[in-house]
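Listed below, chain by chain, are the residues.
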Amino acid sequence: VSADSYGDLELEVEFMIPKSSNSGIYVMGRYEVQILDSFGKSDAEMKHGDCGGIYERWDDTKEKKEEKGFEGTPPSANASAAPGTWQTYQILFRAPRFDTNGEKIENARFLKVVHNGTVLHENVEVTGPNRGGMEPEVAEGPIKIQGDHGPVAFRKLVVTPRTFE
């Protein structure tokens, strides 16, 4: 988890994972773009939990497991490189907006997610933190790297604060 917190931002990431590994980048510590070995899957097979997916939210109050996950967004294509290859993300993110009383008045948005030069998402709204994200929602938060589902290497992680209307 980064020491600094951010709102609107541009995030550039270079990562490498071995075969079958799994990780993720949480913008503001709350909204995850998945890192997974999805190499070789067809575009039609891609789910929110695949590389470049915006991971699902979770509701533990639902009785059936298949009803607990919701709102995940799969990548529009599979841009994954082979395991052991350096890969890139460019993420443009607009933080949620709050009024003077601290009430959320606009949801967060992934304005653009680019994986290895391929645009996977544009203007995707997220209504709350993903599964594993920090609570509650706030105007600024840290960058969080998921590191408990297999090895992952990073050689670049550049956060540029931005202001989006």
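Predicted, not measured: the structure shown is a model, and the values here were computed from it.

### Remarks on the overall build of the protein
So, point 1. Along the backbone of the protein there are one helix and twelve strands.
So, point 2. The N-to-C order of helical and strand elements in the protein reads β-β-β-β-α-β-β-β-β-β-β-β-β.
So, point 3. Against the compact-globule benchmark of 15 Å for 165 residues, the protein has a radius of gyration of 15 Å, which places it among compact chains.
So, point 4. Counting only C-alpha atoms and orienting by the principal axes, one finds that the protein spans roughly 50 × 40 × 25 Å.
So, point 5. Of all 165 residues assigned to the protein, the portion counted as buried reaches 45%.
So, point 6. Restricting the contact set of the protein to residue pairs at least 6 apart, pairs at least 24 apart contribute 64%.
So, point 7. Of the roughly 8,200 Å² of accessible surface on the protein, 46% is carried by carbon and sulfur atoms.

### Thoughts on the sheet that holds strand β11 (residues 144-146)
So, point 1. With respect to topology, three strands assemble into an open sheet ordered β3-β2-β11, the strand pairing being antiparallel. For this open sheet the edge positions go to β3 (31-36) and β11, each flanked by a neighbour on one side alone. Strand-to-strand twist of the sheet, defined as the mean angle between neighbouring strand axes without regard to direction, takes the value 20°.
So, point 2. Here strand β2 (residues 22-27) runs beside β3; their pairing, made up of six bridges, is antiparallel. Bridge pairing in β3 links Tyr26 to Glu32.

### Re the layout of surface pockets
So, point 1. A volume near 190 Å³ is recorded for the largest pocket.
So, point 2. If you go around the largest pocket, you meet 13 residues; those closest to its centre are Tyr26, Glu32, Tyr55, Gln146 and His149.
So, point 3. Classifying every residue of the lining of the largest pocket gives two nonpolar, seven polar and four charged.

### Focus: the nonpolar core
So, point 1. By size, the foremost hydrophobic cluster in this structure holds 25 residues, and its most contacted members are Leu9, Leu11, Val27, Tyr89, Ile91, Phe93 and Phe110.
So, point 2. Of all elements in the fold, only β1 (9-16), β2, β3, β6 (87-94), β9 (108-115) and β10 (118-126) reach the threshold of two or more residues within this core.
So, point 3. The element contributing the most residues to this core is β1, with four residues.
So, point 4. What Phe110 contacts, discounting residues up to four positions off in sequence, is Val27, Tyr31, Val33, Ile54, Ile91, Leu92, Phe93, Glu122, Asn123, Val124 and Val126.

### Thoughts on the pairing of β9
So, point 1. With six bridges connecting them, β6 and β9 associate as antiparallel partners. Residue pairing in the sheet places Leu92 in a bridge with Lys112 of β9.
So, point 2. Two strands pair when backbone bridges link them, and β9 and β10 are joined in this way by seven bridges, in the antiparallel orientation. Looking across to β10, one finds that Val113 is bridged to His121.
So, point 3. Linking β9 to β10, which pair antiparallel, is a turn of two residues; within it Asn116 sits at a positive phi near 50°.

Thresholds applied
- Residues numbered from 1 in each chain as written.
- Predicted model: local features only at pLDDT ≥ 70, side-chain atom pairs only at ≥ 80, totals over all residues.
- Heavy atoms only, no water.
- Helix = DSSP H or I, 4+ residues; strand = E, 2+ residues; numbered from the N terminus.
- Rg over C-alpha atoms; globule rule 2.2 N^0.38 Å.
- Buried < 20%, exposed > 50% of the residue type's maximum accessible area, 1.4 Å probe, protein only.
- Contact = heavy atoms within 4.5 Å.
- Areas by Shrake-Rupley, 256 points an atom, 1.4 Å probe, with all protein chains shown as cover.
- Pairing = 2+ DSSP bridges.
- Axes fitted to C-alpha atoms, helices over the stretch in contact; angles between N-to-C directions.
- 1 Å grid on protein atoms, 1.4 Å probe; cavity = no way out; pocket = protein on both sides within 12 Å on 5 of 7 lines; lining within 4 Å.
- Points joined across faces, edges and corners; volume = space filled by probe spheres on them.
- Nonpolar A, V, L, I, M, F, W, Y, C, P; charged D, E, K, R; others polar.
- Core = buried A, V, L, I, M, F, W, Y, C linked by side-chain atoms within 4.5 Å.

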